[in-house]
Amino acid sequence: MLSTLQKKLGKPYKDLEFILLALQEVLEENGEETIAKYIPLIHNVEIIDDNITEKHIQLYSLVFEIINMVEVNSAVQTRRQKEGDSLSSIKGLWASNFVKLKESGIDLTEIVDKIAQVRVSPVLTAHPTEAKRSTVLEHHRELYLLIVDLENSMYNAWERGNIRHNIKLTLYRLWKTGEIFIIKPDVKSELSNIIHYLTNVFPEILPMLDRRMLQAWKYLGYKTSLIHDSFAFPKISFGNWVGGDRDGHPLVTDEVTEETLYTLRLNALVVIRRKLVTLLKHSSYACSLEHSYHPMQARVTEMLQSLDKTHTFIYQNNGEAFRQFIYLMIAKLPLDTKRDHATELADFKGAYTNADELHNDLLLLKKSMIHFGAKSSAHDEVTNVIRCVDTFGFHLAELDIRQNSTFHDNAMAQIMNIAGLNGNSFLTWNEAKRIAFINDELSTLRPFIYKNALLQEHSKAVISSYNVVEKHIKKYGTAGIGSFIVSMTRSVSDLLIVYILAREAGLTIHTEEGAVCIIPVVPLLETIEDLANGPRILKEFLEHPFTQRSIRYIQKQKKETRPVQQVMVGYSDSNKDGGIIASQWNLYKAQFLLHQVAQETEVSIRFFHGKGGSISRGAGPTHYFIYALPHSTLNGDVRLTEQGETIAQKYANKVNAEYNMELLVSSAVAQSILDTYSPKKMHPLASLLDIISRESQAHYQKLIQEEGFINFFREVTPIDAIEMSRIGSRPSRRTGTASLQDLRAIPWVFAWNQARFNMTSWYGIGTTLHNMKINNTSEYTTLKNAAKTDNFIRYIFTNVDTSLAASDETIMQQYASLVTDIFIKDKFISLFLEELSKTKQALKELLDRDMKERREQHYYSSQLRASLMKPIHTKQILLLKKWRQEKKEGNPQAENTLLEILISINAIAGAMRNTG
């Protein structure tokens, strides 16, 4: 297999052989000759099913990660080579998108103006989909950099030998490091992982992203002064859910949220200080303060007077005015430093109170440098620091507070009981009665809760978290707080209740217009039914006087040109409801109609896409995702989640991290601009997509509602082991009840993927397309043509095709042996195999060619992984049978067997490059 890949695809698989031989060598050097003989691809020794040990699985897991790394490196090097020939050759990047805008005849000044208006915000989450420990991820990063070092042709044989030596050491470190979480990680450790990316990766790639935009601009023959003079850079910010997302997560307490906000602020200031220190070192221009730009002279005097401390360093830099000014900026950061390292937050006289003050000083520094003549440094190095401050502020990432609507209902009822009202009856009220009660309450700022009131579970959890938010805002302002997100929003009362709950914590205030909530309230529409009801819910919410006052107040505070309402749409639960086509089409329709509602109420809508790491939960090529959005809904303003293992896959290595950010930002810029030059209209094939969606959903739901389906699912997949896994701090169920409705979408998808069914991303499509081809030839022909040209349709079917390549009939049948009821087993495996066969044939016909021809790299990579996964699947099946029997008998050995299963789960997840 390896030799075939080397002939077909060349270098990456020669690199793979190089690394595997290094692994063999280091294992042999450390006395592990026996296991070294089983390294796949370089040895032909087969592992007999009964003899597969934990070590064998660990070995294969490591091999999968090595394959991932050499393929990522190969993709990076291929991009470099192509761009060397033509910068615009890679779709979705700055140069390619600028060419698209140029060919559309759009005026340069219009492009520049629009670039500056675009806002992009990735939101990092710690949903339980990252199966690897952070320690292992660090070793992976180190190994990847060593693989990149091998690309450098300047090294001689001895130097390359040293790189190989370091590769061997890193491989052995990985070999001896435990791959899986023995205990569930706590929120603090998940936050630590997120902080790594926010402090060590994103601040470093931001200048790379901007420079590549300027290079692409220049490549098309445009003057970069147009960008610099207007400061026309897209607005980038980051969000974070770790420490704020409480939906079914009892470990996210008010103490955790408070610590999270502190940690985010401290690290934001650390990042900014690091950038300022570098700028200080680079600003050694001979320019005395007396001869510098007059406004800067005045500002330095003002800063010295504002600070209590004596800053002798400023006098050590006589004749270097820019260094003196930058030093004072560093001195004004609200940090306590020991041995020149920031250790904790500090408040002192003269310290900056917010990032805007530092931003203004940096703008003054930039003007002063331009006045001096150091234009290049001003436009590059100072701009980089300004961009960092604008992106991360003094808060690093906005923390969203998410909670379930049912949880809010219970909190509301408990608060009413405290006030002497019949809160229990509130839970039975219809929507009209709820609205009447809420409207009456929102007419006053009088709270329900009195001092020292004894709160119950739900009310205590909500109000204590809101109290933390209120305390933080009072001290630092609202910059570090995102919004209150209501998951499972079913009605407008689900949103309006949050205003009352916020009132109890002092987060509603009186203004000239009336009472307002100072934190945005955001609906999260997750199920297909909720997406369909979304436009009505949003209209009622935006027409409510309290909402109108609140979003206008927030608009003024944030200096927005128009009031903004954020709406989050969920890709996971809608998929679990009706399958991938129904999910994607209902998301498309909902966004189009929600945008229409916002337009009618003169509000700008900001869509927040709750995407996951797998195809069925919204994953896929970023630029294709952006291009496939409904017309006008992007509107230059997008938020989207980056979850679990996708964070490491996209951003662990800086060159790849910049590439993925560039795909997102440049595509958002281009598509937003293009949308303004064509009329807004619903998808031209809406009626056809309605039919496909409806029929595929009916076929999908017929399956999941079939008698015995839940029993089949729970036995044919390792869902019971996944529920016992330690890969995330969050429970796999919202409330703990054993139902499909209560099971989170992530473990649902994860379990099917482990057993190689992947049904969440294809079931229902085969029958629908087969029937259409037979019964309605003209519509089928229309769809087939659209699959080549239409962004939305092509995006869906390309993703489905990718998922089909990872589905394996033979492996599925092996897992079916776990089902104890023969009738249930035979019934469902027949249904799955029949639909899979139909879907593969339908996609081949729809897309004309099979994957081997269309996507050679992906095809052969999938084949390689599939061949290596077979023994691990066999072992996992044996372990599941053993573990389930041990549990039934109460055998204490069950825990050890579970750990072996978790190792196999980790290995398969690594091979498939996603979990849920």
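Residues numbered from 1 in each chain as written. Predicted model: local features only at pLDDT ≥ 70, side-chain atom pairs only at ≥ 80, totals over all residues. Heavy atoms only, no water.

## Concerning the overall build of the protein chain
Right, so step 1: When you go through the protein chain residue by residue, the secondary structure sums to 39 helices and 13 strands.
Right, so step 2: Radius of gyration (C-alpha) of the protein chain: 29 Å, near the 29 Å computed for a compact globule of 916 residues.
Right, so step 3: Residues counted as buried form 61% of the 916 residues belonging to the protein chain.
Right, so step 4: For the protein chain, long-range pairs separated by at least 24 residues make up 81% of all intrachain contacts whose partners lie at least 6 apart in sequence.
Right, so step 5: The average position of the 106 basic charges and that of the 105 acidic charges among the side chains of the protein chain differ by 2 Å. (Helix = DSSP H or I, 4+ residues; strand = E, 2+ residues; numbered from the N terminus. Rg over C-alpha atoms; globule rule 2.2 N^0.38 Å. Buried < 20%, exposed > 50% of the residue type's maximum accessible area, 1.4 Å probe, protein only. Contact = heavy atoms within 4.5 Å. Lys, Arg positive; Asp, Glu negative; His and termini not counted. Charge placed at Lys NZ, Arg CZ, Asp CG, Glu CD.)

## Some remarks on the side chain of threonine 508
Right, so step 1: Checked against the element boundaries, threonine 508 lands in strand β8 (residues 508–511).
Right, so step 2: Every residue in contact with threonine 508, bar those within four places of it in the chain, is listed here: Leu445, Tyr499, Ala502, Arg503, Val516, Cys517 and Phe546.

## With respect to the packing of aromatic side chains
Right, so step 1: Applying the stated criterion to the full structure yields 38 aromatic pairs.
Right, so step 2: Between tyrosine 588 and phenylalanine 792 the ring centres are 4.6 Å apart and the planes differ by 50°, which places this aromatic pair in the tilted class. Of this pair, tyrosine 588 sits in helix α24 (residues 572–600) while phenylalanine 792 sits in helix α34 (residues 791–805); the two residues are 204 residues apart in sequence, bridging distant segments of the chain.
Right, so step 3: When its relative accessible area of 7% is taken as the criterion, tyrosine 588 is described as buried.
Right, so step 4: Of the residues examined, phenylalanine 792 reaches a relative accessible area of 4% and is grouped as buried.
Right, so step 5: Three or more aromatic residues joined by ring pairs make a cluster, and in this case those are Phe709, Phe712, Phe713, Trp748, Trp752, Phe757, Trp762, Tyr763, Phe828 and Phe832.
Right, so step 6: The positively charged end of lysine 332 is found above the aromatic ring belonging to tyrosine 352, 5.1 Å away from the centroid. (Phe/Tyr/Trp six-rings, centres within 6.5 Å; stacked < 30°, edge-to-face > 60°. Lys NZ or Arg CZ within 6 Å of the ring centre and 35° of its normal.)

## Comments concerning unusual backbone geometry
Right, so step 1: The phi torsion at methionine 488 lies on the positive side, around 55°, for a residue other than glycine.
Right, so step 2: The backbone of arginine 756 sits at a positive phi, close to 65°, despite the residue not being glycine.

## Here we look at the pairing of strand β1 (residues 119–125)
The side chains of a regular strand alternate between both faces of the sheet.
Right, so step 1: Counting buried residues in β1 gives six out of seven residues, a clear majority hidden from the surface.
Right, so step 2: Inspection of the sheet shows β1 paired to strand β2 (residues 235–236) by two bridges, in the parallel sense. Across the sheet, residue valine 120 finds its bridge partner in β2, namely isoleucine 236.
Right, so step 3: Here β1 runs beside strand β13 (residues 637–643); their pairing, made up of seven bridges, is parallel. Bridging from a neighbouring strand, valine 123 pairs with threonine 641 of β13. (Pairing = 2+ DSSP bridges.)

## What about the pattern of salt bridges?
Right, so step 1: Evaluated as defined, the whole model comprises 48 salt bridges.
Right, so step 2: Salt-bridge contacts for arginine 212 lead to glutamate 658; the nearest nitrogen and oxygen are separated by 3.6 Å. In this pair, arginine 212 sits in helix α9 (residues 187–219) while glutamate 658 sits in helix α27 (residues 654–675), placing the two residues 446 residues apart along the sequence. Judged on exposure class, the residue arginine 212 and its partner glutamate 658 are both buried. (Salt bridge = Lys/Arg side-chain N within 4 Å of Asp/Glu carboxyl O.)

## Quick notes on the environment of leucine 902
Right, so step 1: The topology assignment puts leucine 902 in helix α39 (residues 894–912).
Right, so step 2: For leucine 902, a relative accessible area of 6% puts it in the buried group.

## Looking at the environment of glutamine 671
Right, so step 1: Of note, glutamine 671 is situated in helix α27.
Right, so step 2: Among the residues examined, glutamine 671 registers a relative accessible area of 13% and is labelled buried.
Right, so step 3: Distance from glutamine 671 to alanine 628, taken between C-alpha atoms, is 9.7 Å for residues 43 residues apart in sequence.
Right, so step 4: Sequence-distant contacts of glutamine 671, defined by excluding residues within four places in its chain, comprise Ile626, Tyr627 and Leu634.

## Regarding the packing of helix α32 (residues 765–775) against helix α33 (residues 777–789)
Right, so step 1: Closest axis-to-axis distance for the α32/α33 pair is 6 Å, and the angle between their directions is 125°. On the basis of their axis angle, the class for α32 and α33 is oblique. Residues Leu769, Met772, Lys773 and Asn775 of α32 lie in contact with α33, whose contacting residues are Thr777, Glu779, Tyr780 and Leu783.
Right, so step 2: For the contact of α32 with α33, the per-class residue count stands at four nonpolar, two polar and two charged. (Axes fitted to C-alpha atoms, helices over the stretch in contact; angles between N-to-C directions. Parallel < 35°, antiparallel > 145°, perpendicular 65-115°, else oblique. Nonpolar A, V, L, I, M, F, W, Y, C, P; charged D, E, K, R; others polar.)

## Overview of helix α28 (residues 686–704)
Right, so step 1: In a regular helix each residue adds 1.5 Å, so 19 residues correspond to 27 Å; α28 covers 26 Å between its end C-alpha atoms and thus fits that length.
Right, so step 2: What α28 keeps buried is the set Ala686, Leu688, Leu689, Ile692, Ser693, Ser696, Gln697, Tyr700, Leu703 and Ile704. Burial along α28 is one-sided: seen end-on, the buried residues are contained in an arc of 150°. Residues of α28 that are exposed and angled more than 90 degrees away from the buried face: Ser687, Arg694 and Lys702. (Expected span 1.5 Å × (residues − 1). Arc of directions from axis to C-beta.)

## A word on the packing of helix α22 (residues 528–543) against α24
Helix packing geometry: the angle between the two helix axes and the distance between the axes.
Right, so step 1: Running from N to C, α22 and α24 cross one another at 20°; their axes reach a closest spacing of 7 Å. The pairing of α22 with α24 is recorded here as roughly parallel in orientation. Seen from above, α22 lies across α24 with right-handed handedness.
Right, so step 2: Class assignment of the residues belonging to the contact of α22 with α24 gives a composition of 12 nonpolar, five polar and three charged. (Left-handed = near helix turned anticlockwise from the far one by under 90°.)

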